[in-house]
Each structure stands twice: as C-alpha cells, then as structure tokens.
Amino acid sequence: MSFLDLLLIAVGLSMDAFAVSICKGLGMRKVNYRHALIIALFFGGFQALMPAIGWALGSQFAGFVTSFAHWIAFALLAVIGGKMLWDAFHEEGEDVQTAVDPKLDFRELLMLAIATSIDALAVGVSFAFMQVELVPSITTIGITTFVISLGGVVIGNKFGERYQKSATIAGGIILVLIGIKIVVEHYLGG
C-alpha cells in the first residue's frame, strides 16, 4: 500500500472526527487552544488505537464486532447529539455562562472518540489481512486525524461565535445524522 493510499484512508477515517470537532468548536466562546489540543489528541489517539486493536483481533472476531459496531456508534452519537439539543433548548442563565469557557467533559469526549473511530477498527482488520505495516499506518492515521480535528475546532469556533445556540442545535443534529449515516451505510453496504 502506497503512502498516498494510506493518507487517503486516513483522511476518510478522520471525516467523522472533523465533523464532531466542528461541533465542539461551536460551543466555545473563543478558541481555547488547550481544549482544542485535548480534543484533537482524543480523536487522533483513538483513530490510531482502533486500527491497532483491529489488527490484533484479525479475523478471529471481525464478523462479531462488525455485526453490531454500527449500532454502538449510532447509540453514542445519538445520545450525545440528543444531549446537545436538550441543552440548547433548556439552557438556564445564558448570560452567566457566556463569560466562562465551558469545561471539557472527558466522559463525553471519550464516547465521541470511540464512536467516530469504530470504522477504523474494521480498517485495522483489513490491514491485518493485507499485511500492511502497522506502525506507519496507525501513525499516519493518528497524525492526520489530529491535524484535521484541530482545524475542525477552530473552524467550528469561527462559525459559532455569533450563533452559539443555533450552532449547538446544528451540532446536535449533525451528531445524530452521523449516527444514522453509519447505520444506513452498514445496511446499504457503503
């Protein structure tokens, strides 16, 4: 597998993390680069970790994991997206919160990182079958996702600084739609 092929796979895998990173950036009053780096590390780290796990599992459990992975991703994204929608319509004291940067919810970030990287698990299994070198592959995937996710937070913030409530609603809807897309693609063979 050429480096260009690997880079294209990495970019493809990072698109869900990019969309979620935009949503995370939408909720920031101004770009908090510490939070942006943590978000990018979570997404990049999990995008690198999941193919390694898939590689290790190989063909032993591939059929079992891929048979329900789409439902796990859908559930995680739907719950988090639903929570964002709930918060947008039931927020209290908006004026009090505007001066304070929101804290990172590490449990939520962990669920998002897992949900957006489940497809990378299947890629890792295919890497094992194709005998692709693991370390260069997961390094490329992790770094690519890190950079794209970091950019997503900044882009989301620039868009969302004027339209925070609308952006939060849009972010929640986007997460739910990504979950639905994962399930639909599974059943359509995409």
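Note that the structure is predicted; figures quoted are calculated from it, not measured.

**Topic: the overall build of the protein chain**
Part 1 of the argument: Scanning the protein chain from terminus to terminus reveals seven helices and zero strands.
Part 2 of the argument: By the burial criterion, 43% of the 190 residues in the protein chain qualify as buried.
Part 3 of the argument: When contacts within the protein chain are restricted to residue pairs at least 6 apart in sequence, those whose partners lie at least 24 apart make up 94%.
Part 4 of the argument: Looking at the protein chain as shown, the accessible area adds up to about 10,100 Å², and 69% of this sits on carbon and sulfur atoms.

**Some remarks on the packing of aromatic side chains**
Part 1 of the argument: Scanning the model with the defined rule gives two aromatic pairs in all.
Part 2 of the argument: Seen in terms of ring centroids, Phe42 and Phe106 are 6.0 Å apart; in terms of plane orientation they differ by 35°. Their pairing is tilted. Linking Phe42 in helix H2 (residues 33-57) with Phe106 in helix H5 (residues 106-130), this pair joins segments that are 64 residues apart in sequence.
Part 3 of the argument: Residue Phe106 is classed as partly exposed on the basis of its relative accessible area of 44%.

**Focus: a nonpolar patch on the surface**
Part 1 of the argument: A cluster of nonpolar side chains, namely Ile173, Leu177, Ile180, Val184 and Leu188, defines an oily patch on the protein surface of about 460 Å² accessible area.
Part 2 of the argument: Among the secondary structure elements, Ile180 is positioned in helix H7 (residues 164-188).

**A closer look at the nonpolar core**
Part 1 of the argument: Membership of the largest hydrophobic core comes to 34 residues, with the highest contact counts inside it found for Val20, Ile39, Phe43, Leu77, Leu112 and Leu175.
Part 2 of the argument: Every element with two or more residues in this core is listed here: helix H1 (3-26), H2, helix H3 (62-89), H5, helix H6 (134-160) and H7.
Part 3 of the argument: If near-sequence neighbours (up to four positions away) are discounted, Leu77 is found in contact with Val20, Leu112, Ala115, Leu175, Val176, Ile178, Gly179 and Ile182.

**Observations regarding H1**
Part 1 of the argument: A rise of 1.5 Å per residue sets the reference length of H1, with its 24 residues, at 34 Å; its end C-alpha atoms lie 33 Å apart and thus fit the reference within 8%.
Part 2 of the argument: When the local axis directions of H1 are compared, the greatest deviation, roughly 40°, occurs at Met15.

**Focus on H2**
Part 1 of the argument: Taking 1.5 Å of rise per residue, the 25 residues of H2 would be expected to cover 36 Å, and the 36 Å separating its terminal C-alpha atoms lies within 8% of that figure.
Part 2 of the argument: One side-chain oxygen of the residue at the start of H2 lies 3.1 Å from the amide nitrogen of Arg34, identifying that residue as Asn32.
Part 3 of the argument: Among the residues trailing H2, Gly58 stands out with phi positive, at a value near 55°.

**Examining the pattern of salt bridges**
Part 1 of the argument: A full pass over the atoms with the stated rule returns three salt bridges.
Part 2 of the argument: Measuring nitrogen to oxygen at the nearest pair gives 3.6 Å for the salt bridge that ties Lys181 to Asp16. Here the residue Lys181 occupies a position in helix H7, and Asp16 occupies one in helix H1, the gap between them amounting to 165 residues.
Part 3 of the argument: Residue Lys181 is classed as partly exposed on the basis of its relative accessible area, which comes to 35%.

**Notes on the environment of Asp87**
Part 1 of the argument: When you line up the elements, Asp87 lands in helix H3.
Part 2 of the argument: Remark: the alpha-carbon pair of Asp87 and Lys165, spanning 78 residues in sequence, is separated by 9.3 Å.

**Some words on the packing of H1 against H2**
A packed helix pair is summarised by two numbers, namely the angle formed by the two axes and the spacing between the axes.
Part 1 of the argument: Relative to each other, H1 and H2 sit at 160°, their axes nearing to 11 Å. In terms of orientation, H1 and H2 fall into the roughly antiparallel class. In terms of crossing hand, the pair formed by H1 and H2 is right-handed. Two secondary-structure elements touch here, H1 through Leu13, Ser14, Ala17, Val20, Ser21 and Lys24 and H2 through Ile39, Phe43 and Gln47.

Procedures and definitions
- Residues numbered from 1 in each chain as written.
- Predicted model: local features only at pLDDT ≥ 70, side-chain atom pairs only at ≥ 80, totals over all residues.
- Heavy atoms only, no water.
- Helix = DSSP H or I, 4+ residues; strand = E, 2+ residues; numbered from the N terminus.
- Buried < 20%, exposed > 50% of the residue type's maximum accessible area, 1.4 Å probe, protein only.
- Contact = heavy atoms within 4.5 Å.
- Areas by Shrake-Rupley, 256 points an atom, 1.4 Å probe, with all protein chains shown as cover.
- Phe/Tyr/Trp six-rings, centres within 6.5 Å; stacked < 30°, edge-to-face > 60°.
- Patch = residues over 30% accessible without salt bridge, like charges linked within 9 Å, V, L, I, M, F, W, Y side chains within 5 Å.
- Salt bridge = Lys/Arg side-chain N within 4 Å of Asp/Glu carboxyl O.
- Core = buried A, V, L, I, M, F, W, Y, C linked by side-chain atoms within 4.5 Å.
- Expected span 1.5 Å × (residues − 1).
- Bend = angle between axes of the 7 residues up to and from the residue.
- Polar contact = N/O pair within 3.5 Å; in protein donor to acceptor, adjacent residues only side chain to side chain.
- Axes fitted to C-alpha atoms, helices over the stretch in contact; angles between N-to-C directions.
- Parallel < 35°, antiparallel > 145°, perpendicular 65-115°, else oblique.
- Left-handed = near helix turned anticlockwise from the far one by under 90°.

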